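Given next are the chains, with one letter for each unit.
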Amino acid sequence: VMQPTATNHRSLRDSMQYMAVILIIGGGIGLVVSFVSSLFVMGVQWLVESRSGATDALLHLPGTGLSLMPMLWLIGSALLLVLVRRLFSIDRWHGPADSIYAAHRTDNELDLRAGIGSTVAAFISLGGGAPVGQYGPLVHFGAAIGSYLSELFGSRRITADVFIGCGVAAAIAAGFHAPIAGVVFAHEAVLRHFSFRAITPIAIASITSAWFSSALFGGQPIFQIDVVLPDLLPLVPTLLASGLFFGLIAILFMKLLFASGKLAAISGLSPLPLGLSAAVLCGAVAMFVPEILGLGVGTVNVILENGYLIGFLLVLLVLKLIVTSLSIGFGLFGGVFSPALFIGAAAGGFVAKLIALAGFISAPQLFAVAGMAAVAAAVVGAPIAVVLIVLEFTMSYEFAVAAMLSVVVATLLSSLLYGHSFFDEQLVRRGIDLSQGRGNLELMNQSIAKVVSDDYVLLAPSLTVKTAIKMLAKANASEGYCLGEDNDFLGKCSLQQLLLARQGDKLGAQLMTDPVILNHDASVMQAIEVASDFVGEAIPVVNRNRNEFIGVVSEADIFQAYLATQTRIHDLEHS
């Protein structure tokens with residue numbers, strides 16, 4: 001029988017300590033994010049109720065029944081957002097795209113100040129009735145809290161991406177009362193890998209958040225669904241076909257969001273007039289169709305109850321697409337997840353009524369839920385998590401399967417015609433491509449300066465070819481480099497070339513003056529691309545602005561940097 005040893009006791013003790021740390025970190029992040037998220041949601045609800053009461057009583061236009069109150073609330077929000085920018089020193093609002101980028105880097109922490117300021121901005125926008133979402137800002141807030149705590153308590157075994165994942169999962173779990181979806185969303189949309197190292201603390205954070213939110217603030221689902229569904233099998237073809245329509249709607253929504261932002265940029269206006277413009281335009285639309293304001297939870301519930309006619313569903317769909325894109329593009333900050341749910345519900349309700357008019361079997365609630373899931377999944381890039389959200393808030397296998405049928409078609413179409421998600425496209429427009437994975441991103445962000453070598457043969461251009469050959473042979477090198485008085489790069493020479501030259505010639509006449517070189521600020525990935533077509537001993541690294549010689553990198557240096565990065569990423573994702 002194997003006897004216990006000091007090593008076994010130490011290993012057991014370390015394992016128990018590690019488990020305790022995971023419980024504390026996961027549970028702690030879950031509690032903090034759940035508390036803030038629940039207060040955020042309750043605060044927005046209170047402001048919505050206050051706004052509705054004020055709208056009914058004040059500032060009705062004579063003889064029309066139309067009220068200016070929604071516009072005034074939005075204008076007030078736009079003014080407050082300028083103060084938030086100054087108070088938190090924010091030049092742009094931060095959201096889930098920043099969380100995803102931070103989770104994919106090993107040396108990039110989220111700015112807590114910007115995260116809190118952006119969350120406050122989203123609260124003000126929603127409180128004023130802006131047609132934006134709440135979940136994106138809450139997700140980023142959770143990620144920012146996790147990132148901040150990682151700076152305080154992180155280690156080699158519990159890295160920043162795990163802390164970020166805990167915060168993201170906690171935000172989703174608290175917002176939707178869906179802990180399983182929270183875990184999957186953190187892995188699928190943000191971390192984009194699964195590992196035993198990450199899943200345990202993230203699951204603890206998600207479950208703790210959902211439990212705390214339900215225990216302290218109540219656990220009623222956001223959307224109310226109570227219907228007996230028909231047989232699902234006859235609806236499969238129409239659900240699959242509707243997924244194409246939902247995918248196109250998602251693409252249109254994302255394109256409008258970026259088009260609105262581009263319009264704001266080329267206008268040359270500062271944040272204040274842009275925000276006021278969006279407030280006035282959205283307020284004007286809301287005078288006639290107030291249902292497009294805010295999160296639209298009540299409106300979505302009416303759609304789920306089959307309470308609107310087909311024409312009004314189309315109006316809701318078009319107007320929500322326009323006003324949400326305008327609001328976010330012009331600076332009334334908020335998320336895109338809730339608007340995507342609203343747009344998807346309107347699109348699904350519209351499709352259901354079209355199918356019914358054509359004489360086919362239709363289930364309005366089923367198509368509305370499928371539309372919500374499909375549009376949201378395509379926009380945020382998390383099809384599995386969104387299907388699980390549907391399953392957890394409906395507790396219906398049929399609804400989840402129906403949602404999955406439309407989701408897989410919509411997300412496939414969106415990925416083929418547009419991209420992985422709205423957040424990925426945001427990053428691409430900032431020059432950050434996540435499509436090749438964390439390793440590629442790390443290599444793109446790793447400067448070649450970190451692997452530059454000073455192991456090279458320096459030759460004066462005044463030397464004879466014969467002398468240069470001797471010096472290269474003595475150094476066991478096949479290439480030499482010539483520099484000017486100010487360390488400026490004159491060129492390089494190869495031993496093979498010199499052996500074919502006349503021995504008495506000056507070296508300066510035999511230099512390769514335009515060899516393959518790397519700029520000093522090139523990345524390791526760029527070096528790999530250059531080295532793939534390079535033949536020689538080493539590549540000179542030069543500051544092109546000053547023609548200053550920095551050093552050389554060999555293919556072996558580049559390969560070692562690549563292997564070290566891949567090993568580090570593998571350990572991060574799988575250990």
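Cut-off values and rules
Residues numbered from 1 in each chain as written. Predicted model: local features only at pLDDT ≥ 70, side-chain atom pairs only at ≥ 80, totals over all residues. Heavy atoms only, no water. Pairing = 2+ DSSP bridges. Helix = DSSP H or I, 4+ residues; strand = E, 2+ residues; numbered from the N terminus. Buried < 20%, exposed > 50% of the residue type's maximum accessible area, 1.4 Å probe, protein only. pLDDT = per-residue confidence, 0-100. Arc of directions from axis to C-beta. Contact = heavy atoms within 4.5 Å. Expected span 1.5 Å × (residues − 1). Patch = residues over 30% accessible without salt bridge, like charges linked within 9 Å, V, L, I, M, F, W, Y side chains within 5 Å. Areas by Shrake-Rupley, 256 points an atom, 1.4 Å probe, with all protein chains shown as cover. Salt bridge = Lys/Arg side-chain N within 4 Å of Asp/Glu carboxyl O. Polar contact = N/O pair within 3.5 Å; in protein donor to acceptor, adjacent residues only side chain to side chain.

(A) How the structure looks around the sheet that holds strand β3 (residues 489-494). Judged by pairing direction, the sheet is mixed, and its 3 strands sit side by side in the order β1-β2-β3 without closing on themselves. Lying at the two open borders of the sheet, with one neighbouring strand each, are β1 (457-458) and β3. Bridge count between strand β2 (residues 479-483) and β3: 5 bridges; the pairing is antiparallel. Its bridge partner lying in β3, E479 is registered against S494.

(B) Looking closely at the pairing of β2. For β2, the tally of buried residues reaches 5 of 5 residues, placing the bulk of the element in the interior. Of the two faces of β2, the one holding E479, Y481 and L483 and the one holding G480 and C482 are both buried throughout. Bridging between β1 and β2 involves 2 bridges; their strand directions are parallel. Its bridge partner lying in β2, L458 is registered against Y481. Turn length for the β2-β3 hairpin, with the two strands adjacent in sequence and antiparallel, is 5 residues, and the turn residue N487 shows positive phi of about 65°.

(C) Layout of the confidence of the model for the protein. Chain-level statistics for the protein give a pLDDT mean of 87 and a share of 92% at 70 or above. Mean pLDDT values for the elements of the protein range from 76 in helix α18 (residues 438-445) up to 96 in helix α12 (residues 310-329).

(D) Quick peek at helix α19 (residues 465-474). The set of residues buried in α19 consists of V465, A468, I469 and L472. For α19, the angular spread of buried residues about the axis comes to 100°, placing them on one side. Structural note: α19 exposes K470 and K474 on the side pointing more than 90 degrees away from its buried face. Each element contacted by the buried residues of α19 is listed here: β1, β2 and α20 (495-499). In the segment just after α19, N476 is the residue with positive phi, at about 55°.

(E) Local environment of helix α9 (residues 236-267). Between its terminal C-alpha atoms α9 stretches 46 Å, which fits the 46 Å expected from 32 residues at 1.5 Å a residue. Just downstream of α9, G268 is the residue with a positive phi angle, here 75°.

(F) Molecular detail of a nonpolar patch on the surface. Together, L248, L412, L416 and L417 make up an exposed nonpolar region whose accessible area comes to about 440 Å². The biggest single contributor to the nonpolar patch is helix α16 (residues 397-417), with 3 residues. With respect to the helices, strands and loops of the structure, L412 is situated in helix α16.

(G) Examining the environment of H140 more closely. With respect to the secondary-structure elements, H140 resides in helix α5 (residues 135-153). A relative accessible area of 1% means that H140 is categorised as buried. Along the backbone, H140 and I164 are 24 residues apart, and their C-alpha atoms lie at a distance of 9.0 Å. Among residues more than four places away in sequence, those in contact with H140 are H94, G95, P96, D98, S99, L110 and G115. Only 3.0 Å separates the side chain of H140 from the backbone oxygen of G95, close enough to count as a polar contact.

(H) Here's a closer look at the pairing of strand β5 (residues 539-543). In terms of burial, β5 is a largely internal element, 5 of the 5 residues being buried. Burial of the side chains of β5 extends over both faces: I539, V541 and N543 are buried on one face and P540 and V542 on the other. When strand β4 (residues 518-519) meets β5, the two strands line up parallel, connected through 2 bridges. Looking at the pairing, N519 lines up with V542 of β5. In this structure, the hairpin formed by β5 and strand β6 (residues 548-553) is closed by a connection of 4 residues, where N547 is found at a positive phi of approximately 55°.

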